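Remarks on the overall topology
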Amino acid sequence: MSTKGINHLGLTVRNLDETTSLFIDLLGWKLLARDDSYPRTTVSDGTCRLTLWQADRSQPMTDFDRKTNIGLHHVAFEVGSKEDLLALADKIRVWPGVTIEFEPEPLGSGPRQHMMFLEPGGIRIEIVWPAQG
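Residues numbered from 1 in each chain as written. Predicted model: local features only at pLDDT ≥ 70, side-chain atom pairs only at ≥ 80, totals over all residues. Heavy atoms only, no water.

So, on to the sheet that holds strand S4 (residues 49-54). Paired through their backbone hydrogen bonds, the strands of a sheet run either parallel or antiparallel. Reading across the sheet, the four strands line up as S1-S4-S3-S2 and stay open at both edges, with mixed pairing between neighbours. The open sheet has two edge strands with one neighbour each: strand S1 (9-13) and strand S2 (30-35). Neighbouring strand axes in the sheet, compared pairwise and without regard to direction, differ in orientation by 20° on average. When S2 meets strand S3 (residues 40-44), the two strands line up antiparallel, connected through five bridges. (Pairing = 2+ DSSP bridges. Helix = DSSP H or I, 4+ residues; strand = E, 2+ residues; numbered from the N terminus. Axes fitted to C-alpha atoms, helices over the stretch in contact; angles between N-to-C directions.)

So this is what it looks like as structure tokens:
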């Protein structure tokens, strides 16, 4: 093997503060770095690390369409239990600007479960309980 996994994933976001807050305040991630000279933050859940880049607000922004844009379709994060998934769904449901694509439901024939939502800037996020362990 020539690689060892993902070091980090970089996402361009519509509103850096709003999306950073979603990861820190809603999902419980830690802020690792902030660079306001080229607006970006780095956040982590201790396993996964994301760099969030502010889109250029002086240019027109294009909303993501998972069926026509090349690139990121969604990003999926794992939780440790079905209870964790349901508790997180309760928080996501009332988070300002979030759009729920679908509530927790079986993934395939189960018992795995997942949900999908769009953060306020439109990035699709999946939360998965893999039912393993």
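Looking at the largest pocket, its volume works out to about 390 Å³. Taken together, 19 residues line the largest pocket, and the ones lying closest to its centre are Thr12, Thr62, Asp63, Phe64 and Ile123. With four residues, S1 is the single largest residue contributor to the lining of the largest pocket. The residue inventory of the lining of the largest pocket, partitioned by class, reads eight nonpolar, eight polar and three charged. Roughly 270 Å³ of internal volume is contained in the second largest pocket. Around the second largest pocket sit 13 residues that line it, and Leu27, Trp29, Glu78, Val79 and Leu88 are the ones nearest its centre. Those elements giving two or more residues to the lining of the second largest pocket turn out to be strand S5 (75-78) and helix H2 (82-93). For the lining of the second largest pocket, the element with the most residues is H2, which contributes four residues. Tallied by class, residues from the lining of the second largest pocket come to eight nonpolar, one polar and four charged. (1 Å grid on protein atoms, 1.4 Å probe; cavity = no way out; pocket = protein on both sides within 12 Å on 5 of 7 lines; lining within 4 Å. Points joined across faces, edges and corners; volume = space filled by probe spheres on them. Nonpolar A, V, L, I, M, F, W, Y, C, P; charged D, E, K, R; others polar.)

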